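Below are the chains, spelled out letter by letter.
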Amino acid sequence: RTCASCDSSCASCDGASPLNCTACSADWALEAGTCVSDCMAGAFKHPQTGLCEACNTTCMDCSGTGSNCTSCNDSGDTPFLEAGECLGDCPSGRYPSQATQQCEPCDSTCSTCAGPTSADCVSCEGERFLLSGTCATSCGAGRYPDSLL
């Protein structure tokens, strides 16, 4: 009997083929017995084990851990990315962008908004008043501040 070399992508193996890896070299990840440079979509390389593991079900892709999303499933209940999480609704001060699938910042005058501009406000910060989608410093002639709306 003789000793044979593993495929160059393998750190250890039980056969000569790249499909026979049991552990991978440093820059590779083990996925179904094969060393790959990148895990398939929906999986990440676990930093300790070197194995490709599934992302959280809300993530389309993730990095470092299964719950650190880098993109979200746009067809699910949580399509918007915010600080590594996939959310159904964005937090105050941010709005769900269909274009980027991320929670994007509102204009600084808005507390909540439906888009990025000062004309997209739904509610206002501080002492401002909502007037036709914008946050004004006063109501103007012929108007009064109504706290019931």
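Residues numbered from 1 in each chain as written. Predicted model: local features only at pLDDT ≥ 70, side-chain atom pairs only at ≥ 80, totals over all residues. Heavy atoms only, no water.

Novice: Can you lay out the environment of Cys-90 for me, pointing to particular residues and giving the numbers?
Specialist: Its location among the elements puts Cys-90 in the loop between β10 (85-87) and β11 (94-97). In this structure, the C-alpha to C-alpha distance between Cys-90 and Gln-102, residues 12 residues apart in sequence, is 8.6 Å. Sequence-distant contacts of Cys-90, that is, excluding residues within four places in its chain, are made with Phe-80, Tyr-95, Pro-96 and Cys-103. (Helix = DSSP H or I, 4+ residues; strand = E, 2+ residues; numbered from the N terminus. Contact = heavy atoms within 4.5 Å.)

Novice: Kindly report on the state of the cysteines, identifying the contributing residues and their values.
Specialist: The tally for this structure, following the rule as stated, stands at 11 disulfides. Note on cysteine connectivity: Cys-110 is disulfide-linked to Cys-121, with sulfurs 1.9 Å apart. Its torsion about the S-S bond being -65°, the disulfide of Cys-110 and Cys-121 is classed as left-handed. Residue Cys-110 is found in strand β13 (residues 110-113), and its partner Cys-121 is found in strand β14 (residues 121-124); the two are separated by 11 residues along the sequence. The pair formed by Cys-110 and Cys-121 is uniform in burial state, with each residue classed as buried. For Cys-124, the disulfide goes to Cys-135, at an S-S distance of 2.1 Å. Around the S-S axis, the bridge from Cys-124 to Cys-135 shows a dihedral of about -90° and counts as left-handed. In this pair, Cys-124 is assigned in strand β14 and Cys-135 in strand β16 (residues 134-136), connecting sequence segments 11 residues apart. Taking relative accessible area as the criterion, Cys-124 reaches 19% and is therefore assigned buried. In this structure Cys-3 is not part of a disulfide, and its nearest cysteine sulfur, from Cys-6, lies 10 Å away. Between Cys-139, a cysteine without a disulfide, and Cys-124, which holds the nearest cysteine sulfur, the sulfur-to-sulfur distance is 9.8 Å. (Disulfide = S-S within 2.5 Å. Buried < 20%, exposed > 50% of the residue type's maximum accessible area, 1.4 Å probe, protein only.)

Novice: Go over the pattern of salt bridges, please, and point to the residues and values.
Specialist: Following the criterion strictly, the structure yields one salt bridge and no others. Its salt-bridge partner being Arg-94, residue Glu-82 comes within 2.8 Å of it at the nearest N-O pair. Highlighted residues: Glu-82 in strand β9 (residues 80-82) and Arg-94 in strand β11, separated in sequence by 12 residues. (Salt bridge = Lys/Arg side-chain N within 4 Å of Asp/Glu carboxyl O.)

Novice: Give me the lowdown on unusual backbone geometry, citing residues and values where you can.
Specialist: Here Ala-83, not a glycine, exhibits a phi torsion of approximately 50°, which is positive. Considering the arrangement of structural elements, one finds Ala-83 in the loop between β9 and β10. For Ser-132, which is not a glycine, the phi torsion comes out positive at approximately 55°. Along the chain, Ser-132 turns up in the loop between β15 (129-131) and β16.

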